[in-house]
Every structure is written in structure tokens, then in C-alpha cells.
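# Residue-level structural notes
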Amino acid sequence: MLGFIREIAVEAGKIAVEGGSRLTASEIHVKGTPTDLVTEIDRKVEAYLTGRIQERFPDHGIFGEENGETAGAGEYRWVIDPIDGTVNFIHGFPYYSISIALQKQGKTVAGVVYSPRLNELYAAAAGHGAALNGQPLRVSGCAALADSLLATGFACVRAGIRPDNLELLPGIVRQIQGIRRNGSAALDLCNVAAGRFDGYWEFCLNLYDVAAGALILQEAGGRVTDLAGRNRWPEAGICATNGLIHAELLKELQRQ
């Protein structure tokens, strides 16, 4: 199954790269707000992924960012973000990804996040570890928030929802070595899995943003919770770390 997911992720990446090289303004559309954008390439990638999945697994359900929920007769559901980081994609910034997760009875059992412009393919199967381009992944050994490099995002700011992450940022930044905001939740989670970041948090995300990346991080030895330390992510926010700084980051997030 993981081999199939890798295959379609790579093919979807080719569609994205080719489409991005000739993207025009007429192919960019506004969804809910002026900063919530979708392109014809997002839709083309999702259509390709959906078609391949339905062809091979006609009884599986699919939940995609652009087309929503398609119920299936079986116990499996695919969770797809065709291009996570659409604004980056539009501007030619290479930090975007194709995110594909497979769930069985609501639990994610396999996931792939593929960054075609960075040539990085992250993959994991539940209970079998995680890998980047075939090499095993492991989270960092950073044990103190003061020594950490964190990532975050501003989905709430784009959506105009308050309170938003900007209110937390000043207090957190003063407690850490550095902060990065790159614009793809899926890749941020994978970079925690790879030990490049020590932790990541954000509000106002959807399951398709994080389902694959969260499994990859967990299989690399990390921890994922909501902002209260429970399992209601991403609807109650997401806090994802190497595990060693998790309690300390949660404390700071709850203090703000």
C-alpha cells in the first residue's frame, strides 16, 4: 500500500511542478477569504489522486481539500491535500507538498508527504517507522525549549479568526533559539520528524493539512497533541514536538 501511495505522490508532484512553471493569474481563484487561494493545479492534482485511488480501491472513501468528503462502502478513507502551501506554490517558493494519508476505521495507518521541488519524499506506515527518501527518520535530541528551533503558521490570521497565533508569538519567541514560518503544515511536521525543527504548533488547520505529517512524526519518535495535551487535534490546535520539549512547549502555549 505504501508503495502505491509513493507512486501516486510522485506523479502528482510532476503535475504540480509542470503546472507551476506555466501558472497564470486566470488559474488562481479565491475561496473563503482573499488569502485563501486555490489554483487549477490544486484541482488537477486532486483529480489525478482521486482517480487513481478510485480506480484501484473503488470502495474506499476520500476526503480531499478541494472536493470534500466522498463516502466509501469499506473501512478505509484517504485524506488528501493536493498542494499544501498553495501560496508558496503560486509565488514559486519551493516549500510546498503533496500530502496523502490512508486511514482505517478513523486511524491513520500510512502516509506520504512529497515535496517535488525539494526532491524529498517522507513516508511512514503505522508501527513500521518513518523514512525520508528511503532513509530512516528520527526526531532531534533537543531536551530544552531554550535550545529549540520551532516552526509555526498563521492559518487563523489568514482566516480572520481570533484569538490568533500572533498573540502567542512574542512570548514563545523569547523562550527559544529561533522560529521559522515556511507555509506548509505537512512539511513542518516532517521537518520535526527529520530533526530539523524541534517542535511545531498552529491553530485553525484541517485534517488534510496534518494527517500524513503527524503519522510520519509519530513514527519518527515524536509526539502530537492538541494545545491542551489531549488528542483533539487539529480541531483544538496542534502541538507537535520531538517529545522531549513537549510538556515545556505546552506550558508556554497555555500561559499566553
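Coordinates for the structure precede this section.
Report follows, based on the coordinates. Predicted model, so just to flag it, every value in this text is computed and none were measured.

### Re the overall build of the protein
Scanning the protein from N- to C-terminus turns up eight helices and 15 strands. Taken over the C-alpha trace, the protein has a radius of gyration of 17 Å; the compact-globule value for 256 residues is 18 Å, and the two agree within 12%. Principal-axis analysis of the C-alpha atoms gives the protein an extent of 50 × 40 × 30 Å. Counting across all 256 residues of the protein, residues that qualify as buried make up 54%. A separation threshold of at least 6 residues defines the contact pool for the protein, and within that pool the share at least 24 residues apart is 60%. Taken as a whole, the protein presents about 11,000 Å² of accessible surface, with 49% of it coming from carbon and sulfur. In the protein, 24 positive and 29 negative side-chain charges are present, and the distance between their average locations comes to 3 Å.

### Some words on the sheet that holds strand S14 (residues 223-225)
Taken together, the five strands give an open sheet; going across it, the order is S12-S11-S13-S15-S14, and neighbouring strands pair in mixed fashion. Strands at the two margins of the open sheet, each flanked by one partner only, are strand S12 (178-180) and S14. This sheet shows a mean twist of 20° between the axes of neighbouring strands, independent of strand direction. Both S14 and strand S15 (residues 238-241) contribute to a ladder of three bridges, which runs antiparallel. By the bridge assignment, Thr225 is partnered in S15 with Cys239. Along the sheet, helix H8 (residues 246-255) contacts strand S11 (149-152), strand S13 (199-202), S14 and S15; its crossing angle with S15, the most-contacted strand, is approximately 150°.

### Observations concerning the pattern of salt bridges
Enumeration over the complete set of coordinates arrives at six salt bridges. The closest approach of N and O atoms between Glu18 and Arg22, which form a salt bridge, is 3.9 Å. On the accessibility criterion, Arg22 (43% relative accessible area) is partly exposed.

### Comments concerning the environment of Ile216
Position of Ile216 relative to the elements: it lies in helix H7 (residues 207-219). Ile216 sits in the buried class, given a relative accessible area of 0%. Taking the C-alpha atoms as reference points, Ile216 and Ala12, separated by 204 residues in sequence, lie 19 Å from one another. Filtering out sequence-adjacent residues up to four positions away, Ile216 remains in contact with Gly111, Val112, Val113, Tyr122, Ala123, Ala124, Ala130, Leu137, Cys190 and Ala193.

### Observations concerning the sheet that holds strand S5 (residues 76-84)
Strands sit in the order S4-S3-S5-S6-S7-S8-S9-S10 across an open sheet of eight strands; the sheet is mixed. A strand with exactly one partner marks an edge of an open sheet, and here the two such strands are strand S4 (68-70) and strand S10 (135-136). With three bridges connecting them, strand S8 (residues 120-125) and strand S9 (residues 130-132) associate as antiparallel partners. Paired with Ala124 across the bridge in S9 is Ala130. Across the face of the sheet, helix H2 (residues 40-56) comes into contact with strand S3 (61-64), S4, S5 and strand S6 (97-104) while running at roughly 155° to S5.

### Structural notes on the packing of helix H1 (residues 2-21) against H2
The description of two packed helices rests on the angle between their axes and on the distance between the axes. Interaxial distance between H1 and H2 falls to 9 Å at its minimum, and their mutual angle equals 155°. What the angle tells us is that H1 and H2 run roughly antiparallel. The chirality of how H1 crosses H2 is right-handed. Every residue of H2 that contacts H1 at Phe4, Glu7, Ile8, Glu11, Ala12, Ile15, Ala16 and Gly19 is listed here: Ile41, Lys44, Val45, Tyr48, Leu49, Arg52, Ile53 and Arg56. When the residues that make up the contact of H1 with H2 are grouped by side-chain class, the tally is ten nonpolar, one polar and five charged.

About the thresholds
- What you see as residue numbers is a count from 1 along each chain, following the sequence as written.
- The model is predicted, so local features are restricted to residues of pLDDT at least 70 and side-chain atom pairs to those at 80 or more, both for listing and for counting; the totals for chains, interfaces and linings are taken over all residues.
- As a convention, hydrogens and water are excluded, and side-chain values are obtained from all of the structure's heavy atoms.
- Helix and strand labels come from DSSP, where a helix needs a run of H or I of at least four residues and a strand needs a run of E of at least two; each type is numbered from the N terminus.
- As defined in this context, the radius of gyration uses C-alpha atoms, and a globule is described by 2.2 Å times the residue total to the power 0.38.
- Type-normalised accessible area, obtained with a 1.4 Å probe on protein chains alone, sets the label of each residue: buried when under 20%, exposed when over 50%, and partly exposed for intermediate values.
- In what follows, residue pairs with any heavy atoms lying within 4.5 Å of each other are defined as contacts.
- Here the accessible surface of atoms and residues is derived via Shrake-Rupley with a 1.4 Å probe, and residues count as covered only by protein chains that are part of the display.
- For the purpose of counting charges, residues Lys and Arg are taken to be positive, whereas Asp and Glu are taken to be negative. His and the chain ends are not included.
- Where a charge lies is defined by one atom per residue type, namely NZ (Lys), CZ (Arg), CG (Asp) and CD (Glu).
- When DSSP locates at least two bridges between a pair of strands, those strands are taken to pair.
- Only C-alpha atoms enter the line fits that serve as axes; for helices the fit covers just the stretch in contact. Angles between N-to-C directions range over 0 to 180 degrees.
- By definition, a salt bridge exists where a carboxyl oxygen of Asp or Glu is found within 4 Å of a side-chain nitrogen of Lys or Arg.
- Should an angle fall under 35 degrees it is called roughly parallel, over 145 degrees roughly antiparallel, and 65 to 115 degrees roughly perpendicular, with every other angle called oblique.
- Less than a right angle of anticlockwise turn of the near helix away from the far helix marks a crossing as left-handed, whereas a clockwise turn marks it as right-handed.
- Under the scheme applied, nonpolar residues are Ala, Val, Leu, Ile, Met, Phe, Trp, Tyr, Cys and Pro; charged residues are Asp, Glu, Lys and Arg; polar residues are all the others, including Gly.

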